[in-house]
Every structure is written in structure tokens, then in C-alpha cells.
Amino acid sequence: MSTPPPRPGVSTGVFPGVPAPPAAGLRLRARRVSRDVRGAGRVLREVSLDVAPGALTVIAGSSGAGKTVLLQTLAGLTAPSEGEVLHDGAPPGPPGPEFGFVPQDDIIHRELPLHRTLVYAAGLRMPPGLPAGAVAATVDGVLATLGLTSRRDTPVRALSGGERKRASIAVELLTRPRVLFLDEPTSGLDPATGAELMRTLRRLADDGTTVVLTTHVLADLPRCDQVVFLSAAGEAAYAGDPGGLCAAFGVRTAEEVYEAVAGGARAAGAEPGDGAGGEIPEQADAPSPAAAPTPPPASATPPAPPAAAVPAGRAARVGALRQWALLTRRGTALMLHNRLSVAVLAGSPVMIVAMFAVLFRAGAFDPASPDPGSSAMIMFWIAFGAFFFGLTYGLLQICTELAVLRREWLAGLRIGPYVASKLTTVLPVLALADALLLAVLRALDRLPPAGWGTYASLFVSCVLASAAALALGLLASAAVSEPGQATLMLPLLCFPQVLFSGAFVPVPRMTLGGEALSWAMTNRWAFEALGSGVGLASLWRTGGSPLGPPLLESYGDSFGHPAARGWAILAGFAMLFLALTWWVLVRKCRDGAVRSRQGR
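Definitions and limits used
- Residues numbered from 1 in each chain as written.
- Predicted model: local features only at pLDDT ≥ 70, side-chain atom pairs only at ≥ 80, totals over all residues.
- Heavy atoms only, no water.
- Helix = DSSP H or I, 4+ residues; strand = E, 2+ residues; numbered from the N terminus.
- Expected span 1.5 Å × (residues − 1).
- Buried < 20%, exposed > 50% of the residue type's maximum accessible area, 1.4 Å probe, protein only.
- Salt bridge = Lys/Arg side-chain N within 4 Å of Asp/Glu carboxyl O.
- Pairing = 2+ DSSP bridges.
- Contact = heavy atoms within 4.5 Å.
- Axes fitted to C-alpha atoms, helices over the stretch in contact; angles between N-to-C directions.

Concerning helix α17 (residues 522–534)
No. 1: Between its terminal C-alpha atoms α17 stretches 19 Å, which fits the 18 Å expected from 13 residues at 1.5 Å a residue.
No. 2: With 12 of 13 residues buried, α17 is to be regarded as a mostly interior element.
No. 3: Taken as a whole, α17 has its buried residues at Thr522, Asn523, Arg524, Trp525, Ala526, Phe527, Glu528, Ala529, Leu530, Gly531, Gly533 and Val534.
No. 4: Gly535, located one to two residues past α17, shows a positive phi value of around 80°.

Written out as C-alpha cells, the structure is:
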């Protein structure tokens, strides 16, 4: 059963300032679609439906009925196990500017003001080379469309739940999509806010965009053009006009429909695989008058060039270098606006310096009376401080924005520039922390009065140790699914670095298994590079302390190699961890949106 076309006489001036779509809404069709999900079995069973261009369709049903799976399948993000999904009569292609998808999670960062957040999102989605004024005008138009103009300078975290939902929709409207999919957009909202959001989606559909959403809210059903009601078995128990929903099951209220469907009832006359009322006619795929491009009325605001200049389905892709630069700017802004990040940035170096001041006496490197034990421990704690800086800064970089990353990946974001931006955003801060650490320790006489060459070597060792730890933190952040898990990873990653660094138990004194594990510890190579750079071996040999030769002998040739050896190993670990981070994120994005795209 085909849904009615958009209401006649509705102009494209509903969204002033937002570029008109290159064509009217997308026609969606599902033919006997079934979907198997690993671990859950068959979730959808022979679902057939037709969504007309510019229609507002609601997918309803009890929890676990497969609403989200059907939404993702209709969107082309997940391929059906059986049957087919058609977009304008053809199989779905890669998501482009005509495609919008709003998951249940927020797809925008919360730290920055709303307008600035949308400008960054526009930079990743809209064609490259657009003037800043055109981008800002499009963002202003979208904010006006969604009633968020007064909140443009408000940090996203300070918006209400309904405003954040509209902000996520605003990201999708930047390229004026022909079809918009939303997963439970009214969930958790109060009735008034939910009704206002549905009115916004109603206006969007009236303006020509096909809108499909899932819902648990009964009040959403009468506001749509078509209801698709799924049974617990994943079948389409009803697909048709919302006004006929209750009559089809012989009940009076929508609440009773849920009870009837839970009891196994189907709409009168419907068979498995059919919409309510029978098989979808073949001519439903034929272009309808509503699918033709609609010129804007003379009174409407002229369409801005950004999205209108891009042919449907053929987005002008933002280059990798431009993506990296934009993500680096956004990452820096996010870090500076995040209070926790600022606290960690300021607090970690202070904590490490305070620890040195309490633990060690001054003059441990005095050639007249060297203290081999203290000098070795100072080198270890410098190495561990650099490691701790990098790890703590990296652990929360990715897991807190995975939903944003997945959606931006669908919009054209490459994973390589994303990972590289994390390195270029955080590593300069780490280098500054390392430099301050070395400077303060020298001022406190916890390091020897050596020349620039020695301190340049120590600085390079620290920065590479921080880079390797940052890359390890990014890998852990990519591997977990929530910030709480990342926090639990901190002691698990730190403890082996302390035990197998070769500081407390020298590598030559370890068992064969322990020595093998020490090779995988970045802290070992940072410790040895720092010891080589400061000249521990020569200091101990020339010193008169009786502890020198025995302690030196226990370390073997740990400090007998040039510092560059440790640098090369640390750089290798950093590259390995970054490559693994890229691999994990590609897999996660493809798991979240199975339809992968070439070159991403």
C-alpha cells in the first residue's frame, strides 16, 4: 500500500535560509525484507512497505521488535539477509549529502557553543572551498528552521534534551537531505517537547523531505502519514494510515494495539510479507509527480550554493589534509572547553613534580658523590611521568565521541585524518609538559648541570615516550565502548610498565619470560634512552661510591646503547599503536554501519 504524496500546495519556503534539495524526497521500498542478527537470530521477517517521497513514516512496536534494525536496513546501512531495499527504484548507494541519519545517541560534541559546533560539522560535510560566509549563513538558516537561533551561543551540554535532539537534526539539515532517518527522536522527552519536535519533522516532510523514524511514544502515531507496526517476531503486523490502525485490530486505543500485537494478532486482511491491505503494486516504483524537482517560489529566500551545487549522491568530498586541519582545530577547541581535560592538563605535571620534590634529595648527580640508586630512579620516574601524561590524555579522546565519529564517517570522514588529528592536537601539549618537567627538575637540582645536547636528548626521549603512550591510550580508547571502561584501563596499562621497565628489577636479572615482556614495554626503552642521554654509565664508573660498580653490573648494557636506539623503538611503537587504532576504528564504524565505503 503506497502512502499519499506530500500535501499539495506546500511550498519549499518552510525552511528559509536552508538550500533546497536537488530533488524531492526519496522514495523508499522494502520487498519481503528479512534480517538476521548475530546472537539474536532472525529479527525481521518478510517486511514489505512503501514510503512515498515527502511522507512522514513512523515505525512502532514493542521493545525488541526490530524497529532500529528495520530503520538501518531501510537506510541502506545494513544489508537485508533476504529481500531487497530500493531507493528511487535502485539499491542504496553510499550515503551522500541527500542522506540524513540521527541515531539515539547525540551526534554532536557537547563542549562547544551550538553555532560553532555546527560550523565544524559543516566543514566536514559541505563541499570544500565554500566561503566562510556561505557556511555561516547555512548554519544560521538551519538554526532558524529548528527554533534554535536564541541558543546559538549556548554550549551544547547546557541545552535541554529536546534542544539537543534538534541540534543533532540540525547537523543533518546542513546538506538538506532528501531522506532523513531518526531512531527514537522523541524518547525521553516530555510530551510538549516531543510534540514540538514532531511538528518540526512534519514541516520538514511537508517541505519535500522523506522522514522515517522509530518511536515508543503513542502520541507520535497520529502525526504521521504512515504507521508500520512490527510484531515481536519482527513481522509487519500493520502498515498503513494511522487513522485505520485501531480499526484494523478491532480495538479502540493505541495501547490496546500493543496488547493485540503481543497476543499474535495481525491487521485484518494482512498476510506475512504484505503491507496492510496486500502486496505493494509494482507501479509504486514509477516516478511520481512529487519526485520532480520543485523550483522555489519567488518569495522564498534564494537557495544558498553549498548543498544545491552538489549533484544528488555525488558529494564533493573534503580532502584528507583539509579534514585533518579542521579536526585538529576542533579537537583543540574541544580540549580547551572541557573542564576535565584542562584539569588533567594542568594537574598531571604538578603531581609529577611534587612527587620528585618529596621523594628525592637534591644532588643525586653530583660527580663528587653520586647516588646511583637515586639517579636511576629519577630517570625511571621521568620516563613514567612522560608515559603517564600521554596515556591519561589519550584514554578519553575517542570513546567519548564514538557516536559522533560513526556518523561523520558515514558523511565522508576518513579515519586516517581523524587519528592523525588526535596526535597533532595532544602531542604539542605533551611536549610542553615534558619540557616544563625537565626545566623544573633541573631548577630543583634533581638533574645534573649538563649542556644543551644532554637536555635535548632527554627532551626527545620524553616526547617520544609521551607519543608512544598517547598512541597506546588512543588504541585503548578506541577498543572500549564507554569512558568508564577507559578509566579502568589506566591501572591495567600502567602496572606492567612499572614492573617490566627494568628499573626495579634490571632486565638482565629477569626471567626469560619477564625479559620477553619487557621488550613490549615502551617505558623500558624510554628509561634506557634517558639513562643513556644523561650518561648514567659513565657517571657510575667515575664515581667513588662503592654502590656504583655492583649496581652498574646488575643493569648490564642497559645504558650502553645510544639514546637513538630507544628513540627508534619508541617511534616504532607509536606508529604500531596508531595503525592498530585506525584498524579498530574502521572495524567499529563498519560494524555500526555495515555498508562500508571505499578509501575510508
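Once you've had a look at it, read on.
Comments concerning the pattern of salt bridges
No. 1: If you walk through the whole model with that rule in mind, you get 24 salt bridges.
No. 2: Between Arg125 and Glu172 there is a salt bridge, with the nearest N and O atoms lying 3.5 Å from each other. Of the two residues, Arg125 sits in helix α2 (residues 114–125) while Glu172 sits in helix α4 (residues 161–173), which places them 47 residues apart along the sequence. The pair Arg125 / Glu172 is uniform in exposure class, with both members buried.
No. 3: Ionic pairing is found between Arg442 and Asp445, a salt bridge with its closest N-O pair at 3.8 Å.
No. 4: Overlapping salt bridges, with partners in common, bring together Asp36, Arg42 and Glu82 in one network.

Here we look at unusual backbone geometry
Peptide bonds are, in most cases, trans, and in most cases residues other than glycine have a negative phi.
No. 1: One non-glycine residue with positive phi stands out, namely Arg32, at about 45°.
No. 2: Topologically, Arg32 is positioned in strand β1 (residues 28–37).
No. 3: Residues other than glycine seldom take positive phi values, yet Asp445 does so here, at roughly 65°.
No. 4: Here Asp445 lies in the loop between α13 (415–443) and α14 (452–479).
No. 5: Taking relative accessible area as the criterion, Asp445 reaches 32% and is therefore assigned partly exposed.

What about the pairing of strand β5 (residues 99–102)?
No. 1: Going residue by residue along β5, you find Phe99 and Phe101 tucked away on one face and Gly100 and Val102 tucked away on the opposite face as well.
No. 2: Where β5 lies against strand β6 (residues 179–183), four bridges are found, and the strand directions are parallel. Residue Val102 lies in a different strand from β6, and its bridge partner there is Leu182.

Here's the deal with the environment of Asp445
No. 1: Distance in space between the C-alpha atoms of Asp445 and Ala362 is 5.1 Å, their sequence separation being 83 residues.
No. 2: Ignoring sequence-local partners within four residues, the contact set of Asp445 consists of Ala362 and Gly363.

A look at the sheet that holds β5
No. 1: Across the sheet, six strands lie side by side as β5-β6-β7-β3-β8-β9; this open sheet has mixed pairing. Looking at strand neighbours, the two that pair on one side only are β5 and β9 (236–240), the edges of this open sheet. For this sheet the average axis-to-axis angle between neighbouring strands, irrespective of direction, equals 10°.
No. 2: The strands that α4 touches are β5 and β6; relative to β5, the one it contacts most, it runs at about 165°.
No. 3: Together, β3 (56–61), β6 and β7 (210–214) form the strand contacts of helix α5 (residues 191–206), whose direction differs from that of β7 by roughly 150°.

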